[in-house]
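Structural overview
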Amino acid sequence: MSDYVRNLWYMAAWDHEVPDGGMLSRTLLDGKWLIARLPDGDYAMLADRCPHRFVPLSKGRLDGDVIHCPYHGLGFDRSGACVHNPFPAPPPTHVRVATMPIVHRHRGLWFWPGDPDKADPALIPDFAFVDREGMSRSRMTIHGHYELLTDNLMDLTHAEFLHVTSFGVNGSIFSGTQSVTKDGSGAIWNNWDMEAVTPPDWALPLLGDSAPIDQWLHMRWHAPACMALTVGLARTGTDRRAMVVPQMVNPHIITPETPGSSHYFYDHEATEEAAALARQVFVEEDEPMIEAAQDALAGQDFWDARPAILETDAGAIRARRRLMQLRRAEAA
Ligand code: FES
Ligand SMILES: [Fe+2]
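As the structure is a prediction and not an experimental result, all values here were calculated from the model.

Structural notes on the overall build of the chain
From N to C terminus, the chain includes six helices and 17 strands. Computed over the C-alpha atoms, the radius of gyration of the chain is 22 Å, within 12% of the 20 Å expected from 2.2 N^0.38 for a compact globule of 332 residues. When the backbone C-alpha atoms are referred to their principal axes, the chain occupies close to 80 × 45 × 35 Å. Long-range pairs, those at least 24 residues apart, make up 53% of the contacts in the chain between residues at least 6 apart in sequence.

Laid out in structure tokens, this is it:
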């Protein structure tokens with residue numbers, strides 16, 4: 001199945017995942033790719049498969065900005081051209097490795113699997129907030145189609161069922177107001193605003209008491225599945241800008257690995273406790289549900305399965321529709 005929209009920026013990795021002067025191998029959109037950090041600080045992205053006998057080039061050696069195949073020693077530069085032949089003959093010019101545009105932005109490495117002439121870095125969604133002290137940037141593999149992960153993140157009502165113990169939520173979203181909007185950057189926002197509710201357990205140590213609060217959960221989505229969640233809390237009756245707990249924004253960036261699995265890029269405070277909570281929420285609570293939904297679909301198309309659509313799905317469905325439009329436009 002290849003339902004990927006090609007003319008979009010996708011995140012391949014956090015920058016720290018690629019060692020200085022080294023390479024990272026990763027499956028992205030069904031293909032095996034390597035990302036190399038070159039001596040001049042630039043990154044290169046090449047197919048992780050030697051065109052001679054198909055071994056992974058990432059198992060070879062990066063010497064300067066030439067990647068040497070571990071099998072028979074051909075060398076390739078950042079443009080994918082063969083520039084080294086271990087024999088005295090000139091390098092074979094007809095031998096090339098596929099490449100993709102890659103850009104370092106907001107601590108992430110973003111690639112463009114579509115027409116390279118359209119790869120405008122200005123189209124990378126704004127995740128500038130990610131670059132801040134005291135945070136750990138992480139990645140995990142989730143066994144689920146990337147749009148099932150989008151459904152999960154664009155419908156936070158699930159927290160009231162799945163994350164009751166981890167976040168200590170208490171049903172406040174059921175008295176909340178939802179609004180779905182679009183902004184000038186093409187993002188879809190799925191916003192929940194709750195007034196005069198009991199704070200969730202996770203916020204109690206920060207608030208110091210359980211007096212009523214206004215809480216907001218605003219999820220921003222950019223195609224294909226690049227999300228950012230803003231969480232804010234203010235004492236009920238005060239100006240929202242007078243927050244006792246500073247507003248938090250976190251990335252939830254999903255990139256398809258295969259049709260049935262996804263890379264999930266997120267961050268958390270750089271403490272063992274925060275890392276453990278993230279693992280509990282994503283691995284023990286969200287992932288089994290997403291995987292079960294995928295198993296239940298058993299390869300059937302989402303729309304063919306005739307999903308019940310609820311009002312609370314408005315954001316998730318708009319995101320799915322937008323992707324559908326983009327796919328159709330590319331197919332045409
Ligand atoms: S497999 Fe790479 S040079 Fe032979
Ligand atoms: Fe969740």
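Concerning unusual backbone geometry
Of note, the amide linkage connecting Ala223 to Pro224 takes the cis form, showing an omega dihedral of 0°. By the element assignment, Pro224 lies in the loop between β14 (213-222) and β15 (226-235). Backbone geometry at Asp30 places phi at a positive 75°, although glycine is not the residue there. Here Asp30 lies in the loop between β2 (23-28) and β3 (31-37). Among the residues examined, Asp30 registers 12 C-beta atoms within 10 Å and is labelled exposed. Phi angles above zero are rare outside glycine, and Ala298 is one such case at about 45°.

Thoughts on the sheet that holds strand β1 (residues 10-14)
The three strands are arranged β1-β10-β9 in an open sheet whose pairing can be described as antiparallel. With partners counted over all chains shown, the strands left at the sheet margins are β1 and β9 (102-105), one partner each. The average undirected angle you get between the axes of adjacent strands in this sheet is 30°. As defined by bridge partners, β1 adjoins strand β10 (residues 108-111) across four bridges and the pair is classed as antiparallel. Across the sheet, Ala13 pairs through a bridge with Leu109, a residue of β10.

Details of the sheet that holds β3
What the three strands build is an open sheet, ordered β2-β3-β4; its pairing is antiparallel. Bordering the open sheet on either side are β2 and β4 (43-47), each of which pairs with just one other strand. Each neighbouring strand pair of the sheet contributes to a mean axis angle of 25°, computed without reference to strand direction. By the bridge criterion, five bridges tie β3 to β4 in an arrangement that is antiparallel. Looking across to β4, one finds that Arg37 is bridged to Tyr43.

Description of the packing of helix α1 (residues 146-154) against helix α6 (residues 314-331)
When two helices pack together, their arrangement is given by the angle between their axes and by how far apart the axes lie. The N-to-C vectors of α1 and α6 enclose an angle of 150°; their axes lie 8 Å apart at closest approach. Classified by the interaxial angle, the pair formed by α1 and α6 is roughly antiparallel. In the crossing of α1 with α6, the sense of the turn from one axis to the other is right-handed. Within the contact between the two elements, α1 uses Glu147, Thr150, Asp151 and Met154 and α6 uses Gly315, Ala316, Ala319, Arg320 and Leu323.

A closer look at the domain arrangement of the chain
Here the chain is partitioned into domain 1 (10-124) and domain 2 (129-331). Its C-alpha centre places domain 1 at a distance of 33 Å from the equivalent point of domain 2. Counting residues at the interface gives 12 residues for domain 1, matched by 12 residues for domain 2. Among the elements of the structure, β1 and β2 are those that each provide at least two residues to the side of domain 1 that touches domain 2. In terms of residues, the side of domain 1 that touches domain 2 owes the most to one element, β1, which gives four residues. Taken together, the residues that form the side of domain 1 that touches domain 2 break down as six nonpolar, four polar and two charged.

With respect to the packing of α1 against helix α5 (residues 272-297)
Between α1 and α5, whose axes approach to 10 Å, the crossing angle comes to 130°. In terms of orientation, α1 lies oblique with respect to α5. For the element pair α1 and α5, the recorded crossing hand is right-handed. Residue-level inspection shows Leu148, Leu149 and Asn152 of α1 in contact with α5, the latter providing Asp286, Ile290, Ala293 and Gln294. Among the residues making up the contact of α1 with α5, the classes are represented as four nonpolar, two polar and one charged.

Observations concerning α1
Taken across its nine residues, α1 has nine buried, putting it largely inside the fold. Of the residues making up α1, those classed as buried are Tyr146, Glu147, Leu148, Leu149, Thr150, Asp151, Asn152, Leu153 and Met154.

Observations regarding α5
A rise of 1.5 Å per residue sets the reference length of α5, with its 26 residues, at 38 Å; its end C-alpha atoms lie 36 Å apart and thus fit the reference within 8%. Its axis deflected by about 40° at Asp286, α5 carries its strongest bend there, up to four residues before the proline Pro288. If you check which residues of α5 are buried, you get Ala278, Phe282 and Asp286. Packed against the buried residues of α5 are β11 (135-142), α1, α2 (159-162) and β17 (261-269). Phi turns positive, to about 45°, at Ala298, one or two residues after α5.

About the criteria used
Residue indices begin from 1 for each chain and proceed along its sequence in written order. Each chain is given a letter, starting from A, and each ligand a number, starting from 1, according to the order in which they appear as written. For a predicted model such as this one, the threshold for reporting local features is a pLDDT of at least 70, and the threshold for listing and counting side-chain atom pairs is 80 or more; totals across whole chains, interfaces and linings nevertheless cover every residue. Counting from the N terminus, the helices are the DSSP runs of H or I reaching at least four residues and the strands are the DSSP runs of E reaching at least two. In this description the radius of gyration comes from C-alpha coordinates, and the expected globular size is given by 2.2 Å times residues to the power 0.38. Note on contacts: residues are paired as contacts if their backbone-placed C-beta atoms lie within 7 Å. Three exposure classes are used, all based on how many other C-beta atoms lie within 10 Å of a residue's own C-beta (placed from the backbone): buried at 20 or more, exposed at 12 or fewer, and partly exposed between those limits. At least two DSSP bridges between two strands are needed for those strands to be called paired. Angles here are taken between N-to-C directions and fall from 0 to 180 degrees, while the axes themselves are lines fitted to C-alpha atoms, restricted in helices to the stretch in contact. Reported orientations rely on four angle classes, namely roughly parallel under 35 degrees, roughly antiparallel over 145, roughly perpendicular from 65 to 115, and oblique for the rest. Left-handed describes a crossing in which the near helix is turned anticlockwise from the far one by less than a right angle; the clockwise case is right-handed. Here the bounds of each domain stem from an automatic or database domain assignment. Gly falls in the polar group here, along with every residue not listed as nonpolar (Ala, Val, Leu, Ile, Met, Phe, Trp, Tyr, Cys, Pro) or charged (Asp, Glu, Lys, Arg). Helix span, expected: 1.5 Å multiplied by one less than the number of residues in the helix. The angle between axes fitted to the seven-residue stretch ending at a residue and the seven-residue stretch beginning at it gives the bend at that residue.

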